[in-house]
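# Reading the structure
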Amino acid sequence: MTAVHFGAGNIGRGFVGFLLNRAGYEIVFADVNAELISALDSAESYRVHEVGVESADHVVTGFRALNSSTQTVQVEAEIAGARIVTTAVGPNILKFVAPVILEGLRARPADAAPLVVLACENAINATDMLAEHIRGLSDATEWATLESRVIFANTAVDRIVPGQDPNAGLDVTVETYFEWAIESGPFDGATLDIPGVTWVENLAPYIERKLFTVNTGHATTAYYGFAAGYEGLAESLADPSIRDRVYAVLQETKAFVVAKHGFDPDVQEAYLNKILTRFANPHLTDTVERVGRQPMRKASRHERFIGPAAELAERGLPTVALVDAVGALLRFDVPADPESVELQALLNAEAPGVIVERLTELGPDHPLFDSLVEAVRNAQRREG
Ligand SMILES: NC(=O)c1ccc[n+]([C@@H]2O[C@H](COP(=O)([O-])OP(=O)(O)OC[C@H]3O[C@@H](n4cnc5c(N)ncnc54)[C@H](O)[C@@H]3O)[C@@H](O)[C@H]2O)c1
Ligand SMILES: O=P(O)(O)OC[C@@H](O)[C@@H](O)[C@H](O)[C@H](O)CO
């Protein structure tokens, strides 16, 4: 059985590819990074180093690699014969892998088991986004045939895989912890056997709790850490004033998941404290630049700050710490990050209300709007 995985980067090699390989799948990594693909194609194995209180080493074998820019036809042929297609390329890249997946579906034998497609990205319903891109390239008549050949399932993936030491080759250092939840509904009772996966009927509580606790807390640490001049994520969190602000943000998102999804407050408190311990893992060399990357995506409507803050404001619940964290996001000025450059240009060019609408899609009638406008104004004045 084959699994084609788009994106042979940190989470691709260190989590999704690793778990599928351990479940017995031969992995075909597809990536546009020619150097990485060439290294993977000529390697027999790579190692996954799990680091934490308990460390472990795993050797991954049984994979091949294709360049999805230059070997498109081969990737399509692999998809036509595969059982699973996964992605870990970033939500903004899904539209670029959609055409290849569609061609693979077109070439798939009609009597083959349906292709399982899982977009393992940090975004709410990323697989639905990918499915929309694929469907948009087909027409209604063709899609009526193709849709019986595919199962699209949303998923939530959680494992911190930092940027890697450039001398590590293909090996990946990851935290010991992981969680992979996949919605079971689309499988109609016939889920796959992937040890380590949690199958859930309703993914919304899992993905929202994960994104709005792990990723909101992570990004808050990164933006305050960057503003304070730290490079490392763990060293940022070790600063008591930053830790207090991260904790305050996580109290607001705790109120959100408790109110919306009915999580027990004590259980959520334990979950968020465990996550703070994960961020502080001294064996991970994570950076504020990686965790803060793409600030405009992170400030968008359904993402880790505005997603919970908008719903909290609609419920009349506090959002002060989240809005302050957005203020820190606005100061993320990293020349190597194109979205950071675009954000800083936007802050220099536009009025606060225009910026809030452009970034968050919220208008003046939304209860969060005025406080976000104030945060933008302070960032423009370099205040607050
Ligand atoms: N690293 C983590 O801790 C982590 C954890 C959970 C989820 N994620 C999510 O996984 C995704 C990938 O993150 P990452 O940290 O592995 O990033 P990464 O930059 O290490 O890997 C992304 C890979 O995608 C490749 N890529 C880019 N465009 C492509 C294309 N058109 N076709 C095929 N491959 C392409 C890149 O060359 C790169 O190798 C993101 O959505 C991220 O939010 C990351
Ligand atoms: O990948 P991003 O840019 O959406 O977010 C950066 C990190 O917060 C993220 O990669 C975490 O390490 C990961 O989501 C942990 O499960």
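Note that the coordinates shown come from a computational prediction; the quantities given were computed from them, not determined experimentally. The numbers attached to residues start from 1 for each chain and follow its sequence in the written order. The naming scheme follows written order: chains are lettered A onward, ligands numbered 1 onward. For this predicted model, a pLDDT threshold of at least 70 governs which residues receive local features, and a threshold of 80 or more governs which side-chain atom pairs are given and counted, while totals over whole chains, interfaces and linings are taken from all residues.

Turning to unusual backbone geometry, a few remarks are in order. In the Ramachandran plot, Gln294 falls in the positive-phi region, its phi being about 55° despite a non-glycine side chain. For the purposes of this entry, the term helix denotes a DSSP run of H or I that reaches at least four residues, the term strand denotes a run of E that reaches at least two, and both are numbered from the N terminus. For Gln294, the position within the fold is in the loop between α11 (288-292) and α12 (295-298). Despite not being glycine, Glu361 has its phi angle at roughly 65°, a positive value. Along the chain, the position of Glu361 falls in the loop between α16 (352-360) and α17 (369-380).

The next point concerns the UniProt feature "domain: Mannitol dehydrogenase C-terminal" (unreviewed entry) in the protein. Here, the residues flagged by UniProt with the feature "domain: Mannitol dehydrogenase C-terminal" (unreviewed entry) are residues 202-343. From the first C-alpha to the last, residues 202-343 spans 35 Å; its make-up is 70% helix and 0% strand. UniProt positions are given in the numbering used here, feature names are shortened, and annotations may be inferred rather than shown by experiment.

What makes a residue near a molecule or strand is its C-beta atom, placed from the backbone, lying within 6 Å of it. Near ligand 1 lie 26 residues; those nearest to it are Gly7, Gly9, Ile11, Glu121 and Asn122. At the level of secondary structure, the elements contributing two or more residues to the shell around ligand 1 comprise α1 (10-22), β2 (26-31) and α4 (94-106). The biggest single contributor to the shell around ligand 1 is α1, with three residues. Only Asp, Glu, Lys and Arg are considered charged in this grouping, and only Ala, Val, Leu, Ile, Met, Phe, Trp, Tyr, Cys and Pro are considered nonpolar; every other residue, Gly among them, is considered polar. Tallied by class, residues from the shell around ligand 1 come to 15 nonpolar, eight polar and three charged.

Many analyses report the size of an interface as the accessible area lost when the parts associate. Under the domain assignment used here, the protein contains domain 1 (2-202) and domain 2 (205-380). Measuring from the centre of the C-alpha atoms in domain 1 to the corresponding centre in domain 2 gives 28 Å. Across the contact, 16 residues belong to domain 1 and 17 residues belong to domain 2. Broken down by class, the residue content of the side of domain 1 that touches domain 2 amounts to nine nonpolar, five polar and two charged. Here the bounds of each domain stem from an automatic or database domain assignment. Think of it this way: build a C-beta for each residue from its backbone, and any pair within 7 Å is a contact.

Another aspect to go through is helix α13 (residues 306-314). Partly exposed residues are those whose C-beta has more than 12 but fewer than 20 other C-beta atoms within 10 Å; with 20 or more the residue is buried, with 12 or fewer it is exposed, and the C-beta atoms are placed from the backbone. Of all nine residues in α13, seven are buried, a share of seventy percent or more. As for α13, its buried residues are in contact with α7 (204-227), α9 (240-261), α14 (320-329) and α16. Looking one or two residues beyond α13, the residue adopting positive phi is Gly316, at roughly 75°.

It is worth spelling out the pairing of strand β10 (residues 172-175) at this point. Of the two faces of β10, the one carrying Val172 and Val174 and the one carrying Thr173 and Glu175 are both buried. Only strands joined by at least two bridges in the DSSP assignment are considered to pair. As paired strands, strand β3 (residues 45-51) and β10 are joined by four bridges and run parallel to one another. Counterpart to Val51 in the pairing with β10 is Glu175.

In the neighbourhood of ligand 2, the contacting residues comprise Asn122, Asp158, Arg159, Ile160, Val214, Asn215, His218, Val291, Arg293 and Gln294. Tallying contributions element by element places α7 first for the shell around ligand 2, with three residues. In this structure, the shell around ligand 2 is formed jointly by two domains, domain 1 (2-202) and domain 2 (205-380), each of which donates at least three residues.

Looking now at the pairing of strand β7 (residues 115-119). Of all five residues that make up β7, five are buried, and the element is covered over most of its length. Both faces of β7 are covered, namely the face carrying Leu115, Val117 and Ala119 and the face carrying Val116 and Leu118. Pairing analysis gives four bridges linking strand β6 (residues 84-87) to β7, with the strands arranged parallel. In the strand pairing of β7, Thr87 is matched with Ala119. Crossover β6 to β7 through α4 is right-handed. The pairing of β7 with strand β8 (residues 150-152) spans three bridges and is classified as parallel. Opposite Val117, over in β8, you have Phe152 as the bridge partner. Call a crossover right-handed when, viewed with both strands pointing away from you, the route from the first strand across the helix to the second goes clockwise.

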